[in-house]
Number of protein chains: 2
Amino acid sequence: MKVDIIIHNGHLMTMEGKGVGYIADGAVAIKHNKIEAVGQTQEILREYTAERHIDAANKLIMPGFIDAHIHTGIAIFRGVAQDMSNWMQKGLWPFQKHLRPDESAIGSMVNIIEGIKAGTTTFCDYDGRMDLIVNNYKKIGARARVAELVNEIPDNIGDLPVGELYTFESSIGETKLNRNLELYEKHHDTEDGRITVILGPHGPDMMSLELLKEVKNHAEKLDTKLHMHVAQGDREINQMEKRYGKRSIEFLDEHDFLNERLIAVHLTEATDEETAFIAKSGASMIYCAGSIGIIDGMVPPVQHFLDAGGTACLGSDQAPGNNSNNMLNEMKFAAILNKVKYKNPQAFHATQALRMATIEAAKVMGIDHEAGSLRSGKKADIILVDLTAPAFYPVLTKPIRNIVPNLVYSARGDEVDTAIIDGKVIMENKQILTIHEKEEISKAQQTAENIASRAEEDILKADSDILQMVRDGLL
Amino acid sequence: MKVDIIIHNGHLMTMEGKGVGYIADGAVAIKHNKIEAVGQTQEILREYTAERHIDAANKLIMPGFIDAHIHTGIAIFRGVAQDMSNWMQKGLWPFQKHLRPDESAIGSMVNIIEGIKAGTTTFCDYDGRMDLIVNNYKKIGARARVAELVNEIPDNIGDLPVGELYTFESSIGETKLNRNLELYEKHHDTEDGRITVILGPHGPDMMSLELLKEVKNHAEKLDTKLHMHVAQGDREINQMEKRYGKRSIEFLDEHDFLNERLIAVHLTEATDEETAFIAKSGASMIYCAGSIGIIDGMVPPVQHFLDAGGTACLGSDQAPGNNSNNMLNEMKFAAILNKVKYKNPQAFHATQALRMATIEAAKVMGIDHEAGSLRSGKKADIILVDLTAPAFYPVLTKPIRNIVPNLVYSARGDEVDTAIIDGKVIMENKQILTIHEKEEISKAQQTAENIASRAEEDILKADSDILQMVRDGLL
């Protein structure tokens, strides 16, 4: 049978089954945008011929990473909100209030470039003005499962004193919900299914119960998931207790949000009891190890969630305070932070981290029928990783295999040399083929400088810890 | 005045003073192996002409990293000893007992390549058969401050049941001490001072008190430092209590080891009281965030050591269980693990991590007169980092500067494009000029496979957690 691409002769990890599905001399046959077959090189070459052969000798063939939670619209503020108190109000907000939607989308593109160059092929982007950002995914050719950030909070929210109850404006809520619905209408299941849309309520504290219920009704009608921050910080719990006299998870349970439809992000402040409760409800969890570690100094209860039978995965969150959107960083952080949390080197092993960046992420996002592992019939989202890079040295396969731990604990990102998304070669020899990287970055750099210049007065007024560090010569 | 190299037009961080010594449009003039001048581009170009100009536009100019604690001799076993119990006996040992010194040196070279390609210019290598390994540093052109691992433990140590008291063989101790002294004799202050030698007692539990005192006497005579594991794990404390009825730090104090000469590595098991005590003694500390996090699930008391007035820095330790030797990883891990330990996002900020990989490391190792910062008269160990890489996007300088946090939390290693060591350009456009990278890696890969083949029976016999994971398809 004739296919479009055969990748052969590589160390193959399908991520099927309970482990990594290792095949020593593996090959994948790709036809149009799907995987036609996966197996040993000899088998595949016997059954198929191809337009194009890719020799993966000394390379790892595996599914691309799924970044389950990323806000690319604020990548333009990378590195302005870490090592500080009140990172959102004093770090991010003085910049963000000056951000125009078109500028947000320009910055987003660099974030997507960053992700692809470190092996991410699916981006679950969750941000404002996704109607603009989604075009980046169309242009660059990445898989995206996007949601509009729906809340009903006025634009001056960051100016509110810390701890004060947010005011809601229902007109804002309707506008944002309509944007999410229009996004669905216009972009869901476009580009041969490469772009899909779900709903993105910002958090139980960020909108009225009425709007929250309205979003939920729409999700049920469209039969789609709800991507939502839940118990994401003491700020949220504080708002919920002030407004409703109860904590987020009890509140969401009361209003029938806890089920398979809900993707609960962070759960930073969930107690062990709440964590087990939500895990058992069928809702899934996204753990953002780097961002919550850096901006909050915390390790959310992801292991507890898994132990209670829940499905969980990893996300890179936001560049202002993470400060990177590289799933290799997330896997490293997730593993080491949980080993330390449990004082146990066997906790959160490399394979667990790797599954949570691939197949488990696909399950959480509701796309495991088409992504997250390599299997006949799934979409062809595949990366090749150069195993001759020093970070992987040496590659041992017998009797111990060490590729997975070195991928998780040692690889940096630049070892990824090829990315195939939806059957198309998007990156080759570490260069993205669909856009001009340097031009995109240069345009975005100029844009960021423009915003910083407009924001200068507000940044000075915020008088953040970082500003003080700059003044002290520490930065 | 005529110099050899002028690097100009870059974002410059000297690492002088209390912070990072940022100069917006900075330049460095290099003559022979030393820094002639550091300043603004305009100034430097007015005062100096050069054989060679390096344009650092959109690049960061900074001192190369100092990896204060690395065992390159076991890099050949990267990735065989993580996510498990008894990592040393069951993970590393079944391999290590089959390692020949020449093979260890072959693997070491890849480790050094890995380090240089992530910005390390000085390696404080601490391993057996440094007489062979040191030649790698001579060949590749890196700065090295090496020590032979001195102990008096028989080669079958890894076969001992866990918890049993080590037997000492004085002939082994004498052989290893002599190797360290011969190393000093033959290599100290060679290559224009690029190679220096200190003494490397393995740990207070790994040798008799007599040998420990002998090493100390030699260190005093040579007026050099003692690079030693101290309180590195419950194994050590257990040995010390069984043998001497006291813990490591009390024991070392009793025998006058706690002073400026001592570089205490790990201190994993040191109590807060012991930590403050050793910090106040003038001894310094090396913190290996990645390796201790991964193999022990612990965060050593480095912040407590600093708070007590001690000088401390970072090291990447060993590839079998870290699994990388990349100072960017170490900075990331050090910062996030301590933020989480103290539940405080302001703890262990990026600049602290960066200083501990540069100037503070130079102080710990006793080389701050020549390395760790950019200042007229110091050796020219300089790296250039590409700030147009997505990990650094955007570069902001006014009113907030975000280069340092993005270097620490976001950069991967491959952004380092140039390394100058001792005034010579060792790496350019990410390619090392002094050796053939691919050949070295390919030779080392073959060597690792040979060892794994010889070791197969012992690996199977050890029946480690990792072997079980391989059998279960998890690796």
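Just so we're clear, the structure is a prediction, and the values are computed from it rather than from any experiment. Throughout this document, residue positions are counted from 1 along each chain, in the order its sequence is written. A letter from A marks each chain and a number from 1 marks each ligand, given out in the order of writing. With pLDDT at 70 or above as the cut-off, local features in this predicted model cover only qualifying residues; side-chain atom pairs require 80 or more to be listed or tallied, and sums for whole chains, interfaces and linings still use all residues. Each side-chain value is derived from all of the structure's non-hydrogen atoms; neither hydrogens nor water enter the calculation.

Draft legend 1. Geometry of the overall build of chain A. Numbering goes from the N terminus for both helices and strands, where a helix is a DSSP run of H or I of at least four residues and a strand is a run of E of at least two. Across its full length, chain A carries 17 helices and 18 strands. Along the longest, intermediate and shortest principal axes, the C-alpha atoms of chain A span 65 × 50 × 45 Å. Think of it in three bands: with a 1.4 Å probe and only protein chains considered, a residue is buried below 20% of the maximum accessible area for its type, exposed above 50%, and partly exposed in between. Counting only residues that meet the buried cut, chain A has 68% of its 475 residues in that class. Just so you have it, chain A exposes about 15300 Å², and 46% of that area is on carbon and sulfur atoms. The method behind every accessible area is Shrake-Rupley, applied with a 1.4 Å probe, and residues are considered shielded solely by the protein chains displayed.

Draft legend 2. Inspection of helix H7 (residues 234-244) of chain A at higher detail. Residue and element names in this part refer to chain A. Turning to H7, its buried residues are Glu236, Ile237, Gln239 and Met240. Relative to the axis of H7, the buried residues are bounded by an arc of 160° and lie together on one face. We call two residues contacting when some pair of their heavy atoms lies within 4.5 Å. Where H7 is buried, its residues contact strand E11 (226-230) and helix H8 (248-254). To obtain the arc, one takes the directions from the helix axis to the C-beta atoms.

Draft legend 3. Quick look at the domain arrangement of chain A. Residue and element names in this part refer to chain A. These domain limits were set by an automatic method or by a database of domain assignments. Domain annotation for chain A reports domain 1 (2-63 + 373-431) and domain 2 (65-365). Taken together, the contact pairs 34 residues of domain 1 with 30 residues of domain 2. Two parts placed together each lose some accessible area under a 1.4 Å probe, and adding up what both lose gives the buried area. Buried area between domain 1 and domain 2, both sides added, is near 2300 Å², and the carbon and sulfur share of it is 61%. Interface area lost by domain 1 to domain 2 is led by Val408, Tyr409 and Ile421, which between them contribute 25%. For Asp381, the salt bridge goes to Arg143, with nearest N and O atoms at 2.5 Å. Think of a polar contact as two N or O atoms within 3.5 Å of one another; within protein, one of them needs to be a possible hydrogen donor and the other a possible acceptor, and neighboring residues in sequence only count if both atoms come from side chains. Our count for the domain 1 to domain 2 interface comes out at 10 residue pairs in polar contact (both at pLDDT 80 or more). If you tally residues by element for the side of domain 1 that touches domain 2, the top one is helix H15 (residues 403-409), at 5 residues. Residue classes follow a fixed rule: Ala, Val, Leu, Ile, Met, Phe, Trp, Tyr, Cys and Pro count as nonpolar, while Asp, Glu, Lys and Arg count as charged, and any other residue, Gly among them, counts as polar. Residue classes in the side of domain 1 that touches domain 2 are distributed as 18 nonpolar, 8 polar and 8 charged. In the sections that follow, a salt bridge refers to a side-chain nitrogen of Lys or Arg positioned within 4 Å of a carboxyl oxygen of Asp or Glu.

Draft legend 4. Quick look at the pairing of strand E12 (residues 262-266) of chain B. Residues and elements named next belong to chain B. Counting buried residues in E12 gives 5 out of 5 residues, a clear majority hidden from the surface. Pairing between strands is defined by DSSP: at least two bridges between the two strands are required. Where E12 lies against strand E13 (residues 284-287), 3 bridges are found, and the strand directions are parallel. The residue bridging Val265 from the neighbouring strand is Ile286, located in E13. A crossover connection joins E12 to the parallel E13 through helix H9 (residues 272-280); in handedness this β-α-β unit is right-handed. A right-handed crossover is one whose linking path, passing over the helix from the first strand to the second, runs clockwise when the strands point away from the viewer.

Draft legend 5. The arrangement of helix H3 (residues 101-116) of chain A in detail. Its 16 residues place the ends of H3(A) 23 Å apart at the C-alpha level, agreeing with the 22 Å of an ideal helix rising 1.5 Å per residue. Counting buried residues along H3(A), 13 of its 16 residues qualify, which places the element largely inside the surrounding structure. A helix's residues, less one, multiplied by 1.5 Å, set its expected span.

Draft legend 6. Inspection of the relation of the copies chain A and chain B at higher detail. Superposition of the copies used a least-squares fit over C-alpha atoms from residues whose pLDDT is at least 70 in both. If you rotate chain A by 180° and push it 0.0 Å along the axis, it lands on chain B with an RMSD of 0.0 Å. Put plainly, the chains are arranged around a two-fold axis. Closest approach to the rotation axis among the C-alpha atoms of chain A is made by Arg412(A), whose C-alpha sits 2.6 Å away. Mapped onto chain B, 100% of the interface residues of chain A are again interface residues, and the two copies thus contact each other with one and the same surface.

Draft legend 7. Summary view of unusual backbone geometry. Each neighbour pair has its own omega, and for Tyr393(A) with Pro394(A) the value is -10°, a cis peptide bond. Note on placement: Pro394(A) falls in the loop between strand E15 (382-386) and H15. A cis amide bond links Lys398(A) with the next residue in sequence, Pro399(A), at an omega value of -5°. One can find Pro399(A) in the loop between E15 and H15. Look at Asn58(B): it is not a glycine, yet its phi comes out positive at around 60°. Here Asn58(B) shows up in the loop between strand E4 (49-55) and strand E5 (59-63). One non-glycine residue, Asp256(B), lies in the positive phi region at around 60°. Looking at where Asp256(B) falls in the secondary structure, it is placed in the loop between helix H8 (248-254) and E12.

Draft legend 8. Representation of the interface of chain A and chain B in the model. Each side of the interface is counted separately: chain A has 90 residues, and chain B has 90 residues. Summing both partners gives a buried area of about 7100 Å² for chain A against chain B, and 63% of it is carried by carbon and sulfur. Counting the contacts that link chain A with chain B gives 6 salt bridges. Put simply, Asp83(A) and Lys339(B) hold a salt bridge, and the shortest N to O gap is 2.5 Å. Viewed at the interface, chain B and chain A are joined by 36 residue pairs in polar contact (both at pLDDT 80 or more). Elements supplying a minimum of two residues to the side of chain A that touches chain B: H3, helix H10 (289-296), helix H12 (327-341), helix H13 (350-356), H15, helix H16 (437-462) and helix H17 (465-471) of chain A. If you tally residues by element for the side of chain A that touches chain B, the top one is H16(A), at 10 residues. By residue class, the composition of the side of chain A that touches chain B is 46 nonpolar, 26 polar and 18 charged.

Draft legend 9. Structural view of the state of the cysteines. The disulfide criterion used throughout: a pair of cysteine sulfur atoms within 2.5 Å. Inspection of every chain in the model, using the stated rule, returns 0 disulfides over all chains. Note on Cys288(B): no disulfide assigned, nearest cysteine sulfur contributed by Cys313(B) at a separation of 8.4 Å.

Draft legend 10. How the structure looks around the sheet that holds E13(B). Residue and element names in this part refer to chain B. Taken in spatial order, the 4 strands of this open sheet run E11-E12-E13-E14, and their pairing is parallel. The strands lining the two open edges of the sheet, one partner per strand, are strand E11 (226-230) and strand E14 (312-314). Within this sheet the neighbouring strands show an average axis-to-axis angle of 30°, counted without direction. Pairing between E11 and E12: 5 bridges, direction parallel. Bridge pairing links His227 to Ile263 in E12. Note on geometry: axes are lines fitted to C-alpha atoms, helical ones only across the stretch in contact, with angles between N-to-C directions running from 0 to 180 degrees.

Draft legend 11. Spotlight on the environment of Ile112(B). Residue and element names in this part refer to chain B. Relative to the elements of secondary structure, Ile112 occurs in helix H3 (residues 101-116). Between the C-alpha atom of Ile112 and that of Gln352, which follows or precedes it by 240 residues, the distance is 25 Å. Excluding its chain neighbours within four sequence positions, the residues that come into contact with Ile112 are Thr72, Phe123, Asn136, Tyr137 and Ile140.

Draft legend 12. Region of interest: the pattern of salt bridges. One pass over the structure, following the stated rule, counts 62 salt bridges over all chains. Between Lys398(B) and Glu456(A) there is a salt bridge whose closest N-O contact spans 3.3 Å. Placement of Lys398(B) in the loop between strand E15 (382-386) and helix H15 (403-409) and of Glu456(A) in helix H16 is noted, with the two residues assigned to different chains. For Lys398(B), a relative accessible area of 54% translates into the label exposed.

Draft legend 13. Expanded view of the packing of aromatic side chains. All names here are of chain A. Stacked, tilted and edge-to-face are the three classes assigned to paired rings of Phe, Tyr and Trp, where Trp is represented by its six-membered ring and a pair needs centres within 6.5 Å; plane angles under 30 degrees give stacked, over 60 edge-to-face, the rest tilted. Across all of its chains, the model carries 8 aromatic pairs over all chains by this definition. With 5.5 Å between their ring centres and 45° between their planes, Phe77 and Phe95 make a pair best called tilted. Placement of the pair is Phe77 in the loop between strand E6 (65-70) and helix H2 (87-96) and Phe95 in helix H2, with a sequence separation of 18 residues. Per residue, the accessibility class of Phe77 equals that of Phe95, and both read buried. Ring geometry for Phe123 and Tyr137: centres 5.5 Å apart, planes at 45°, overall tilted. Of this pair, Phe123 sits in strand E7 (residues 120-127) while Tyr137 sits in helix H4 (residues 130-140), placing them 14 residues apart in sequence. Of the residues examined, Phe123 reaches a relative accessible area of 0% and is grouped as buried.

Draft legend 14. Spatial organisation of the packing of helix H2 (residues 87-96) of chain B against helix H16 (residues 437-462) of chain B. All names here are of chain B. Running from N to C, H2 and H16 cross one another at 145°; their axes reach a closest spacing of 8 Å. Crossing of H2 over H16 shows right-handed handedness. Mapping the contact onto sequence places Lys90, Pro94 and Phe95 in H2 and Ile451, Ala452, Ala455, Asp458, Ile459 and Ala462 in H16. Class assignment for the residues of the contact of H2 with H16 results in 7 nonpolar, no polar and 2 charged. Each crossing gets its hand from how the near helix is turned against the far one by less than a right angle, where anticlockwise is left-handed and clockwise is right-handed.

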